[in-house]
Amino acid sequence: MIYAANFKTNHTRATTKAYIEALKEKLLTKKPEDKVYIFPPATALDSYAGDFTIGTQNAYPTQNGAYTGEIGVEQLTEFGIKTILIGHSERREHLSESQEKVAEKFTFFKEQGFEIIYCIGEPLEIREQGIEAVMQYLLAQFDGIDITYDNLIVAYEPIWAIGTGRSATVEEISSTHRALKKAINNKPLLYGGSAKPANIKEISSIDGVDGVLVGSASLDAGNFSEMFLA
Ligand code: 13P
């Protein structure tokens, strides 16, 4: 299983450092086959060493250059960072990242050999129309995306389950993951959306769930580690 913590716009450089120190203790007893990822905000990126991978929540598809406010490969390489989240619904929505922009970013970071956690998800009004509408919506988020890329992990995050405390049901996750797994040639597939210690056993036992991408419940190191120590 993969356990990925997406801090979003939470934690500072100082609290991320303390978090990682606390997490290291817990990592000593995790199952060796489990993998832990942490995506802190850009100002907290650094060369942390340990049994976990630090990734960036975002970057601009450039080595360097005139892109005010952005970071590129040069800034990530300083810290040995080679993992990126692309396509998160919050960036699609609040930062107006179109499918075209998302696909451009994907292609660039693929060419740089980055490990990509590629996020997809549907809004509530689509979910309410049933699984066929959901799949049509989700598959459109693979436009321009090379799903044969070796270093690809997909994260299915229903938008209505993000930060709401209400995870998708076992049946919703199960049917969506079954259909997605076929569409993505069995690439690793994470679930995200109110995953937490209280539901991790149930979610991780669903066929086709290879891990979780966790927001709110990842912000506390003790809480997050309860998920992979469960
Ligand atoms: P929550 O775990 O807060 O629902 O967030 C999920 C998410 O968006 C992770 O990327």
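Worth saying up front: this structure is predicted, and the values here are computed from it rather than measured.

Draft legend 1. How the structure looks around helix H9 (residues 221-229). All of the buried residues along H9 are Ala221, Phe224, Ser225, Met227 and Phe228. Projected onto a plane normal to the axis of H9, the buried residues spread over an arc of 145° and lie on a single side. Considering only its buried residues, H9 is in contact with strand S1 (2-6), helix H1 (13-27), strand S2 (35-39), helix H8 (200-204) and strand S8 (211-214). Taking the backbone nitrogen of glycine 222 as reference, a side-chain oxygen 3.1 Å away marks aspartate 220 as the first, capping residue of H9.

Draft legend 2. The pattern of salt bridges, seen in detail. Counted by the stated rule, this structure contains 11 salt bridges. With a closest N to O distance of 2.9 Å, lysine 8 and glutamate 90 form a salt bridge. Of this pair, lysine 8 sits in the loop between S1 and H1 while glutamate 90 sits in helix H3 (residues 89-94); the two residues are 82 residues apart in sequence, bridging distant segments of the chain. Residue lysine 8 is classed as partly exposed on the basis of its relative accessible area of 21%. Between aspartate 46 and arginine 13 there is a salt bridge, and its shortest N-O distance comes to 2.8 Å. Placement of aspartate 46 in the loop between S2 and strand S3 (53-54) and of arginine 13 in helix H1 is noted, with a sequence separation of 33 residues between them. Take aspartate 46: its relative accessible area is 24%, and that puts it in the partly exposed class.

Draft legend 3. Seen up close, the site of the ligand. Taken together, 13 residues are adjacent to the ligand, and Lys8, Gly163, Ser194, Gly215 and Ser216 come closest. With respect to the ligand, the side chain of glutamate 157 contributes an N or O atom lying 3.0 Å from an oxygen atom. Coverage of the ligand by the protein amounts to 98% of the 310 Å² it exposes when considered alone. Across the shell around the ligand, the residue classes tally to 4 nonpolar, 7 polar and 2 charged.

Draft legend 4. Just the sheet that holds S3, in detail. Sheet architecture is open: 8 strands sit in the order S3-S2-S1-S8-S7-S6-S5-S4, paired in parallel fashion. Bordering the open sheet on either side are S3 and strand S4 (83-86), each of which pairs with just one other strand. Alignment of strand S7 (residues 189-192) against S8, held across 3 bridges, turns out to be parallel. Pairing of tyrosine 191 across the sheet is with valine 212, part of S8. Packed on one face of the sheet, helix H7 (residues 170-183) meets strand S5 (115-120), strand S6 (152-156) and S7 and runs near 150° to S7.

Draft legend 5. Examining the environment of alanine 103 more closely. Among the secondary structure elements, alanine 103 is positioned in helix H4 (residues 99-111). The exposure class assigned to alanine 103 is buried, which follows from its relative accessible area of 9%. In this structure the C-alpha to C-alpha distance between alanine 103 and glycine 144, which are 41 residues apart in sequence, comes to 5.2 Å. Residue contacts for alanine 103: discarding those within four places in its chain leaves Asp143, Gly144 and Ile145.

Reading the values: the criteria
Residues numbered from 1 in each chain as written. Predicted model: local features only at pLDDT ≥ 70, side-chain atom pairs only at ≥ 80, totals over all residues. Heavy atoms only, no water. Buried < 20%, exposed > 50% of the residue type's maximum accessible area, 1.4 Å probe, protein only. Helix = DSSP H or I, 4+ residues; strand = E, 2+ residues; numbered from the N terminus. Arc of directions from axis to C-beta. Contact = heavy atoms within 4.5 Å. Polar contact = N/O pair within 3.5 Å; in protein donor to acceptor, adjacent residues only side chain to side chain. Salt bridge = Lys/Arg side-chain N within 4 Å of Asp/Glu carboxyl O. Near = heavy atom within 4 Å. Areas by Shrake-Rupley, 256 points an atom, 1.4 Å probe, with all protein chains shown as cover. Nonpolar A, V, L, I, M, F, W, Y, C, P; charged D, E, K, R; others polar. Pairing = 2+ DSSP bridges. Axes fitted to C-alpha atoms, helices over the stretch in contact; angles between N-to-C directions.

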